[in-house]
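Summary of the model geometry
Given next are the chains, with one letter for each unit.
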Amino acid sequence: QVQLVESGGDLVQAGGSLRLSCAASGSTFSIKNMAWYRQAPGNQRELVATISRGGTTNYSDSVKGRFTVSRDNAWNTAYLQMNSLKPEDTAVYYCSADTWITKYWGQGTQVTVSS
């Protein structure tokens, strides 16, 4: 079992920055990769960024060049640094962790970007 808790969501003006954290606990040794998703009202949940155990990262086109995903080596915490935020980045942001067996989700943290 892996437990995930996100934090760092807030209300910020367009052009500002936020850093989200995802604290993992439990069987973190079993995590293959972690990812950040987001879901805006009325929209489907979309993949924002991923990071593998080896450190390989991938980003959606909508955030490439503005967001950076990282993690500590012990897989205890993953981060999403968000710069140059836009109103369309407003969403609930979720952290996920993939193991060989299943995918775990956090409860989400709200990010609101005002224009």
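Read on for an overview of the structure. (Residues numbered from 1 in each chain as written. Predicted model: local features only at pLDDT ≥ 70, side-chain atom pairs only at ≥ 80, totals over all residues. Heavy atoms only, no water.)

Considerations on the overall build of the protein
Helices and strands together make up the secondary structure of the protein, namely zero helices and eleven strands. Ordered by position in the sequence, the α and β elements of the protein form the string β-β-β-β-β-β-β-β-β-β-β. Relative to the compact-globule value of 13 Å for 115 residues, the protein shows a C-alpha radius of gyration of 13 Å, a close match. Principal-axis analysis of the C-alpha atoms gives the protein an extent of 40 × 25 × 20 Å. Residue burial in the protein is summarised as follows: out of 115 residues, 43% are buried. (Helix = DSSP H or I, 4+ residues; strand = E, 2+ residues; numbered from the N terminus. Rg over C-alpha atoms; globule rule 2.2 N^0.38 Å. Buried < 20%, exposed > 50% of the residue type's maximum accessible area, 1.4 Å probe, protein only.)

As for unusual backbone geometry
The residue S84 is not glycine, and still its phi comes out positive at about 50°. Counting through the fold element by element, S84 comes out in the loop between β8 (77–82) and β9 (91–98).

A word on the sheet that holds strand β7 (residues 67–71)
In a beta sheet, neighbouring strands pair by backbone hydrogen bonds and run either parallel or antiparallel. One open sheet accounts for four strands, arranged β1-β3-β8-β7; its pairing is antiparallel. The strands lining the two open edges of the sheet, one partner per strand, are β1 (2–7) and β7. This sheet shows a mean twist of 15° between the axes of neighbouring strands, independent of strand direction. Pairing of β1 with strand β3 (residues 18–26) involves six bridges; the strand directions are antiparallel. Residue pairing across strands places S7 opposite S21, the latter belonging to β3. (Pairing = 2+ DSSP bridges. Axes fitted to C-alpha atoms, helices over the stretch in contact; angles between N-to-C directions.)

A short note on the side chain of E6
Among the structural elements, E6 can be located in strand β1. One buried charged residue, E6, forms no salt bridge at all, with the nearest opposite charge on R45 at 7.4 Å. At a separation of 2.7 Å, a polar atom in the side chain of E6 contacts the main-chain amide nitrogen of C95. Polar contacts involving the side chain of E6 include one to the main-chain amide nitrogen of Q107, which spans 2.9 Å. Sequence-distant contacts of E6, defined by excluding residues within four places in its chain, comprise S21, C22, W36, Y93, Y94, C95, G106, Q107, G108 and T109. (Lys, Arg positive; Asp, Glu negative; His and termini not counted. Salt bridge = Lys/Arg side-chain N within 4 Å of Asp/Glu carboxyl O. Polar contact = N/O pair within 3.5 Å; in protein donor to acceptor, adjacent residues only side chain to side chain. Contact = heavy atoms within 4.5 Å.)

Considerations on the nonpolar core
Counting 29 residues, the largest nonpolar core has L4, M34, W36, L80, M82 and Y93 as the members making the most contacts within it. Sorting the residues of this core by element identifies β1, β3, β4 (33–39), β5 (46–52), β7, β8, β9 and β11 (109–114) as the ones contributing at least two each. (Core = buried A, V, L, I, M, F, W, Y, C linked by side-chain atoms within 4.5 Å.)

Examining the packing of aromatic side chains
On inspection of all chains with the given rule, the structure shows one aromatic pair. Here the basic side chain of R45 rests over the ring of Y94, its NZ or CZ set 3.7 Å away from the ring centre. (Phe/Tyr/Trp six-rings, centres within 6.5 Å; stacked < 30°, edge-to-face > 60°. Lys NZ or Arg CZ within 6 Å of the ring centre and 35° of its normal.)

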